[in-house]
Amino acid sequence: MSLNRIERAQSLRIRSQQDLAAGLFIIALGALAIFLSWDLPMGSLRQIGAGMLPKAIATICIGLGALLALSALRYNGEKLSGWSWRGVIFVLGGAVLFGLTIRGFDFGPIKVPQLGLIVSGPLVVLVSGLAAEDKKWKELIIFAIVMTLFCALLFKYALSLPIPLAPWLLGI
Amino acid sequence: MSEMISHLTLGFGVALTLQNLALAFVGCLVGTLIGVLPGVGPIATIAMLLPITFGLDPVGALIMLAGIYYGAQYGGSTTAILVNIPGEATSVVTTLDGHQMAKQGRAGVALGTAALGSFFAGCVATVVIAALGAPLTRLALLFGPAEYFSLMVMGLCFAVVLARGSILKAFCMIMLGLLLSTVGTDLETGQERMTFGFPPLSDGIDFAVLAMGVFGFAEVLRNLENPETRDVVKAKIGRLLPDWNDIKQSINPVLRGTGIGAILGILPGNGAVLGPFASYTIEKKIAKDPSRFGRGAIEGVAGPESANNAGAQTAFIPLLTLGIPPNAVMALMVGAMTIHGIIPGPQVMTKNPELFWGMIASMWIGNLMLLVINLPLVGLWVKLLQVPYRLMFPAILIFCCIGIYSVNNQPVDVAFTALFGLFGYILIKLGFEPAPMLLGFVLGKLMEEKLRQALIISRGSFMTFVERPISAGLLVVSVIVLTIALMPAMSKKRDEVFTE
Amino acid sequence: MKKLMLGLAASLALAFTGGAQAQGTYPTKPITMIVPFAAGGPTDIIARIVSEHMSKTLGQQIVVENVAGAGGTTGIARALTSTPDGYTIAMGHLGTFSAAPATYPGLKYDPINGMQAIGLAGGTPILIVARKNLEPKDLKEFVAYVKANPDKLNEAHAGVGSVSWTTCTLLKGQLGVPKLNAVAYRGTGPALNDLVSGQIDFMCDQIVSVAEQVKGDNIKAYAIASAERSPALPNVPTTKEAGLPDYQIEAWNGIAAPKGTPKEAVDKLVDALDKALKDETVKKRLLDLGTVMPSAEERTPAGFAALIKRDADKLSPTLAAAPK
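Procedures and definitions
- Residues numbered from 1 in each chain as written.
- Chains lettered and ligands numbered in written order.
- Predicted model: local features only at pLDDT ≥ 70, side-chain atom pairs only at ≥ 80, totals over all residues.
- Helix = DSSP H or I, 4+ residues; strand = E, 2+ residues; numbered from the N terminus.
- Buried ≥ 20, exposed ≤ 12 C-beta atoms within 10 Å, placed from the backbone.
- Contact = placed C-beta atoms within 7 Å.
- Rg over C-alpha atoms; globule rule 2.2 N^0.38 Å.
- Nonpolar A, V, L, I, M, F, W, Y, C, P; charged D, E, K, R; others polar.
- Core = buried A, V, L, I, M, F, W, Y, C linked by C-beta atoms within 7 Å.
- Expected span 1.5 Å × (residues − 1).
- Arc of directions from axis to C-beta.
- Domains from an automatic or database assignment.
- Axes fitted to C-alpha atoms, helices over the stretch in contact; angles between N-to-C directions.
- Parallel < 35°, antiparallel > 145°, perpendicular 65-115°, else oblique.
- Left-handed = near helix turned anticlockwise from the far one by under 90°.
- Pairing = 2+ DSSP bridges.
- Bend = angle between axes of the 7 residues up to and from the residue.
- pLDDT = per-residue confidence, 0-100.

**Q** An account of the overall build of chain C is requested, with residue identities and associated values reported.
**A** Within chain C one finds twelve helices and ten strands. For chain C, the spread of C-alpha atoms along the three principal axes comes to 70 × 40 × 35 Å. Looking at chain C residue by residue over its 324 residues, the buried ones come to 58%. Counting only contacts in chain C whose residues sit at least 6 apart along the sequence, the fraction spanning at least 24 positions is 77%.

As structure tokens, then:
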């Protein structure tokens, strides 16, 4: 969304792409917050309602965002550059996979069985490891196994945390 | 005075038995080792290790737990310096200059300074607790909701000074932090706020989730995009320990940090959180060349780390003398004490003197242990930095995932952390600093709670904040801090200052 | 490290052989006890004390798993929706089992009809406490004072859904002042701090949190809302003695399992709980916390279920009508 706006804004010859995008981002978040807290009562000063602070803070956010966006037209600043989608997808994807598989997941039509650390551990190391440009497959696989074993021993056995190891295989 | 010495003699008599010394050592060691894992902050560490103390006698168990606490605290700072991930709110500040030092090959110096500063602060705080614990309790009782609100306002003004770049952007981040802190079930009315009707959000956003996302994950993403700078230590590794020059530079910040941290630590309701921020603000403001801050200034590690440890320790005062836990870590300590059949309260001091003074003595011993354990470990930690980044970040990730999962045993927390990682990455790309946001987030919850409490008690009158002298004083300080921070912005040299 | 490896190998072997064993030998693997609150809290402490002894009777480790969230309902929901095989149980309390249906409209479990009660682990008396210089000297004066000055007083509680909120809402409902100023705190600790320093006037809370403050004369206790006085605070009268006989409420903790748990598992858990509560060490540790030991009746599934129902009926009307 913001990228479109930025492209459009470029033709206006703004001086700081980064600040303009930042301002718009803050405005968007503030607007989202106001939208989400629309139904919450403001209350009175004597008994402040649940909606008073979120709405007040969100309004200030929008104001500050507007100031920031305007200042982008006046002062020179940095450009937006160098997004690393590779990192975003693999690193964050790896973490999400860990969350999905460690105890299983049941959300609407998606059902993931409870796979435990034995699966989730190597998964997060392998998937996130793909984000590195200089990855070496063999090294990564060995590392994934070693890290998982180490974590299982450390967290499950040495610290006896209630982390599922492999309920489908070991029953724990 | 003689009374204090006899008390301390009793205390050291308890703490210096072979068994208790060993327990303090093991506690500090295990606390450090677990606390140093990225994603595992002190609260998580203590919660994890709490069960292993169940089999011990009460005094031994508490000594070990106190050791775990200091160890975890120090371990958290180690992670902040080495990989730029704060384990808890108080080590957010340490990331600012500590990690920069690490990048310049001065990780050992930063770690050493942190250890020495913490030890000094710990020694002072121990004496403060022993000598002034009981009278200082009254200070905690002077603080009602109105005073806390003003204190939080002051804290937010400090956050402005924290900013490295544009002050306007810092304001944005503080407000965003405040906004995030209002997500979740409203304390006063039980209504859900901005949760998208999603149950896991009903308790609000966990600090660990937010911090790990915007610092830990986002940092990994940032490092991945420019391969040249990502290996934390590309250049040669310098000295492992601070030299005389470093120490000379650190002495005054350590002294100031200790004082600030010790005073703020006594306040219940997490006053200790403000210690490192306040210390950093002061160091940056009185420095001859403030532009060094954020680029590896040793004062920016020495001061806040001392404040952190002093506060961590004086936070025991309300617990030991009143029996009221001032923050989440202390609440865990209450749980630990209760499990051992000691219910903390105003009478612990008279009813269990050997426990009370034994614990105070063990605080000092714990700090000493920390130094003994950590100075040799500095070499090991610095070596860890030489692990190639292609292996380092998957390791950081798996520890973060397990750590976050273990805080509440909720897998969805891990997914949230990933989401905040993306959020943090966008913020970095847009030129925002996440530190002020985290401070806004931590203070936001307290601020709203205290504001509403104060207004209910005053029946809706804002005058309560100015009528009460302590509250008014704090507000005056806030105005002064803010004016000082904004002043350069108003002068003509705007660009120079804004892009320090 | 070697030891750990050996341990791992041994437990792997155990797990495989264990899985192959015939039915009827419950339990064959560790049991998870979900505590829906953070480690170190009152429920967690009771869970750990009781589960330690239960593990001995059952011959399998009971692993305490803290799943905090939404006033304890997140953890209980997870436990009660898990496979009913006796390997996942939960330690809940008054709030999660009796008050939750009225407090949380979208609750994902039904503690009355959709749950297998195991037994009560302990009752924690509730006290009405006030700042030490509040005018009324005893409960009767306090009741009159509250009714005469409903706008003057400030009540503290630890957040909507907490034990202090639940029990105090019941009190205010019974006194006919449901709209009395309530000040919410994040936890009992900060609330107690402001009560000791005199910022607020009164609160209701569990004996384990307030007893030491009462003994230290930092606050005063008007009454204890149980049938009998507590040995921890023998000078504090019961509500019956002090003139408010209807206010009877305890913040108990008890164990439950998902509905459909095999009878064999339920019986063994009930037996293990009973043995734990009869153990002298366990008993002493619980009594030190100010806990009231459950009667033989309350230790049975039927007795515990009846208690849950009784308190739910008592609380529902006031909680549903409470200004939130």
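Still more to cover.
**Q** Describe the overall build of chain B, naming the residues involved and giving the relevant values.
**A** Broken down by element type, chain B carries 23 helices and two strands. The C-alpha atoms of chain B give a radius of gyration of 22 Å, which matches the 23 Å a tight globule of 500 residues would have. On the principal axes, the C-alpha backbone points of chain B span a range of 60 × 60 × 50 Å. Out of the 500 residues in chain B, the part that is buried amounts to 67%. Intrachain contacts of chain B at a sequence separation of at least 6 include 80% that bridge at least 24 residues.

**Q** Pulling in residues and values, what's your account of the interface of chain C and chain B?
**A** If you look at the interface, chain C gives 42 residues, while chain B gives 38 residues. The element best represented in the side of chain C that touches chain B is helix H7 (residues 188-196) of chain C, accounting for six residues. Looking at the side of chain C that touches chain B residue by residue, the class counts come to 15 nonpolar, 17 polar and ten charged.

**Q** Describe the interface of chain A and chain B, with residues and values.
**A** Contact with chain A, which involves 62 residues of that partner, is made by 53 residues of chain B. Of all elements in the fold, only helix H2 (17-36), helix H3 (52-74), helix H4 (85-102), helix H5 (117-129) and helix H6 (137-158) of chain A reach the threshold of two or more residues within the side of chain A that touches chain B. Broken down by element, the residue count for the side of chain A that touches chain B peaks at eleven residues, all from H3(A). When grouped by side-chain class, the residues that make up the side of chain A that touches chain B number 42 nonpolar, 14 polar and six charged.

**Q** Lay out the nonpolar core with the relevant residues and their values.
**A** Core analysis: the largest hydrophobic core is formed by 351 residues, its most contacted members being A:Cys61, A:Ala95, B:Ile46, B:Cys401 and C:Val129. Residues contacting A:Ala95, with those up to four places away along its chain left out, are A:Val124, B:Phe217, B:Leu397, B:Cys401, B:Val414, B:Thr417 and B:Ala418.

**Q** Residues and numbers for helix H1 (residues 2-15) of chain B, please.
**A** Residue and element names in this part refer to chain B. Helix length check: H1 (14 residues) gives 20 Å between terminal C-alpha atoms against 20 Å at 1.5 Å per residue, within 8%. Every buried residue belonging to H1 is among Gly 11, Val 14 and Ala 15, and all of these are buried. Buried residues of H1, viewed axially, fall in a sector of 90°; they line one side. Exposed residues on H1 whose side chains face more than 90 degrees from its buried face are Ser 2, Ile 5, Ser 6 and Thr 9. Considering only its buried residues, H1 is in contact with helix H2 (18-35), helix H4 (58-83) and helix H17 (353-384).

**Q** Report on the domain arrangement of chain C, specifying residues and quantitative values.
**A** Residues and elements named next belong to chain C. When the domains of chain C are assigned, the result is domain 1 (30-123 + 251-321) and domain 2 (126-242). In this assembly, 14 residues from domain 1 lie in contact with 17 residues from domain 2. At the level of elements, helix H4 (94-103) and helix H12 (301-321) are the ones that each hand at least two residues to the side of domain 1 that touches domain 2.

**Q** Lay out the packing of helix H18 (residues 389-408) of chain B against helix H19 (residues 411-429) of chain B in plain terms, naming residues and giving numbers.
**A** Residue and element names in this part refer to chain B. Contact geometry for H18 and H19: axes closest at 7 Å, N-to-C directions at 130°. Considering their axes alone, H18 and H19 lie oblique with respect to each other. Remark: the crossing between H18 and H19 carries right-handed chirality. When H18 is examined against H19, the residues Cys 400, Cys 401, Ile 404, Tyr 405, Val 407 and Asn 408 are found in contact with a partner set consisting of Pro 411, Asp 413, Val 414 and Thr 417. Broken down by class, the residue content of the contact of H18 with H19 amounts to seven nonpolar, two polar and one charged.

**Q** Break down unusual backbone geometry for me, with residues and values.
**A** All names here are of chain C. With omega at -5°, the peptide bond leading from Tyr 26 into Pro 27 counts as cis. Looking at where Pro 27 falls in the secondary structure, it is placed in the loop between helix H1 (2-20) and strand E1 (31-35). Phi angles above zero are rare outside glycine, and Asp 217 is one such case at about 60°. Residue position: Asp 217 is located in the loop between helix H8 (207-215) and strand E9 (219-224).

**Q** Give me the packing of H2(B) against helix H3 (residues 42-49) of chain B: which residues, what numbers.
**A** Residue and element names in this part refer to chain B. It is the contact of H2 with H3, at a shortest axis distance of 9 Å, that shows an interaxial angle of 125°. With respect to H3, the element H2 is oriented oblique. In the packing of H2 onto H3, the handedness of the crossing is right-handed. Judged by residue contacts, Val 30, Gly 31, Ile 34 and Gly 35 of H2 engage Pro 42, Thr 45, Met 48 and Leu 49 from H3. Here the contact of H2 with H3 is composed, by residue class, of five nonpolar, three polar and no charged.

**Q** Describe the pairing of strand E3 (residues 88-93) of chain C, with residues and values.
**A** Strand residues, when the strand is regular, have side chains that alternate between the two faces of the sheet. All names here are of chain C. Burial runs high along E3: six of the six residues are buried. The sheet contact formed by E3 and strand E10 (residues 253-258) spans four bridges and is antiparallel. Paired with His 93 across the strands is Asn 253, a residue of E10.

**Q** Mind laying out the sheet that holds E10(C), listing which residues take part and the relevant values?
**A** Residue and element names in this part refer to chain C. The strand order across the open sheet formed by five strands is E2-E1-E3-E10-E4, and the pairing between neighbours is mixed. What marks the edges here is a single partner per strand, and that holds for strand E2 (62-66) and strand E4 (115-122). Taking the axes of each pair of neighbouring strands and ignoring which way they run, one obtains an average angle of 25° across the sheet. Pairing of E4 with E10, which is carried by six bridges, proceeds in the antiparallel orientation. Each bridged residue has a counterpart across the sheet, and for Gly 122 the counterpart in E10 is Asn 253. In the packing of helix H2 (residues 42-58) onto the sheet, the strands contacted are E1, E2, E3, E4 and E10, and the crossing angle to E2 comes to about 160°.

**Q** Explain the environment of C:Gly123 residue by residue, including any values.
**A** Residue and element names in this part refer to chain C. Note on placement: Gly 123 falls in the loop between E4 and strand E5 (126-131). Residue classification places Gly 123 among the buried positions, given that 25 C-beta atoms sit within 10 Å. The spacing of Gly 123 and Trp 252 is 129 residues in sequence and 3.9 Å in space, taken between C-alpha atoms. If near-sequence neighbours (up to four positions away) are discounted, Gly 123 is found in contact with Glu 250, Trp 252, Thr 291, Val 292 and Pro 294.

**Q** Which residues make up helix H9 (residues 207-225) of chain B, and what values do they have?
**A** Residues and elements named next belong to chain B. Relative to the 27 Å expected for 19 residues at 1.5 Å per residue, H9 spans 26 Å between its end C-alpha atoms, a close match to the ideal helical length. Residue Gly 213 marks the point of greatest curvature in H9, where the axis turns by about 35°. A large share of H9 lies buried, amounting to 18 of its 19 residues.

**Q** I'd like a rundown of the confidence of the model for chain C, residues and numbers included.
**A** Per-residue pLDDT for chain C averages 86, and the proportion of residues at 70 or more is 92%. Below a pLDDT of 50 lies the segment residues 1-23 of chain C, which in the model reaches 16 contacts outside its immediate sequence neighbourhood of four places, other chains included.

**Q** Mind laying out the confidence of the model for chain B, listing which residues take part and the relevant values?
**A** Confidence in the prediction of chain B, expressed as mean pLDDT, is 83, and 94% of residues score 70 or more. The low-confidence segment residues 491-500 of chain B, where pLDDT is below 50, has twelve contacts with residues more than four positions distant or belonging to other chains.

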